[in-house]
Amino acid sequence: MSNKKAYVLIQTETGKAETVAKALRGKPGIVSADIVTGPHDVILVIQGADTDAIAKIVVNQIQAVHGVHRTITYMALSED
């Protein structure tokens, strides 16, 4: 079974984008964490075995980070 991939767009508290990105880099399931411009502050690429694993990464690892205000998750439909 191949891993599922998702993109997570994060709005952070003011001035917390770099802190949030650094806190998330290297955590299990998080492939990349980039600070971006626009209405969101950080975009992640995450991978998990299935949609339940993706949900657990979002809730338990991403939303638990101090400075994360809101997340939006987009599941990738294509598999690499």
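Data block above holds the structure.
The notes below deal with the structure included here. (Residues numbered from 1 in each chain as written. Predicted model: local features only at pLDDT ≥ 70, side-chain atom pairs only at ≥ 80, totals over all residues. Heavy atoms only, no water.)

## Quick look at the overall build of the protein chain
Turning to step 1, where the next piece is worked out: Check the secondary structure of the protein chain and you find 2 helices and 4 strands.
Turning to step 2, where the next piece is worked out: Listing each helix as α and each strand as β along the protein chain from the N terminus yields β-α-β-β-α-β.
Turning to step 3, where the next piece is worked out: Taking 80 residues into account, the globule formula puts the C-alpha radius of gyration at 12 Å, and the protein chain, at 12 Å, falls close to it.
Turning to step 4, where the next piece is worked out: Structurally, the protein chain occupies a C-alpha span of about 40 × 25 × 20 Å along its principal axes.
Turning to step 5, where the next piece is worked out: A buried classification covers 35% of the 80 residues belonging to the protein chain.
Turning to step 6, where the next piece is worked out: For the protein chain, the share of sequence-separated contacts (at least 6 apart) that also reach a separation of at least 24 residues comes to 66%.
Turning to step 7, where the next piece is worked out: In the structure as shown, the protein chain presents an accessible area of about 4,900 Å², 52% of it carried by carbon and sulfur atoms.
Turning to step 8, where the next piece is worked out: A gap of 5 Å separates the mean positions of the 8 positive and 8 negative side-chain charges of the protein chain. (Helix = DSSP H or I, 4+ residues; strand = E, 2+ residues; numbered from the N terminus. Rg over C-alpha atoms; globule rule 2.2 N^0.38 Å. Buried < 20%, exposed > 50% of the residue type's maximum accessible area, 1.4 Å probe, protein only. Contact = heavy atoms within 4.5 Å. Areas by Shrake-Rupley, 256 points an atom, 1.4 Å probe, with all protein chains shown as cover. Lys, Arg positive; Asp, Glu negative; His and termini not counted. Charge placed at Lys NZ, Arg CZ, Asp CG, Glu CD.)

## Some remarks on the sheet that holds strand 4 (residues 68–75)
Turning to step 1, where the next piece is worked out: Strand order in this open sheet of 4 strands is 2-3-1-4, and the pairing throughout is antiparallel. Edge positions in the sheet fall to strand 2 (30–35) and strand 4, since each has one partner strand and no second. Strand-to-strand, the axes of this sheet are offset by a mean angle of 20°, without reference to chain direction.
Turning to step 2, where the next piece is worked out: Judged from the 7 bridges that link them, strand 1 (residues 4–12) and strand 3 (residues 42–48) form a sheet pairing that is antiparallel. Looking across to strand 3, one finds that Val8 is bridged to Leu44.
Turning to step 3, where the next piece is worked out: Against the sheet, helix 1 (residues 17–24) contacts strand 1, strand 2, strand 3 and strand 4, and its axis sits at roughly 165° relative to strand 2.
Turning to step 4, where the next piece is worked out: Against the sheet, helix 2 (residues 51–62) makes contact with strand 1, strand 2, strand 3 and strand 4, and its axis sits at roughly 135° relative to strand 3, the strand it touches most. (Pairing = 2+ DSSP bridges. Axes fitted to C-alpha atoms, helices over the stretch in contact; angles between N-to-C directions.)

## Considering the pairing of strand 3
Turning to step 1, where the next piece is worked out: Buried residues dominate strand 3, accounting for 5 of its 7 residues.
Turning to step 2, where the next piece is worked out: Relative to strand 3, strand 2 runs antiparallel, the two being bridged by 5 bridges. Its bridge partner lying in strand 3, Ile35 is registered against Val42.
Turning to step 3, where the next piece is worked out: Hairpin connection from strand 2 to strand 3: 6 residues lie between these consecutive antiparallel strands, with Gly38 at a positive phi of about 110°.

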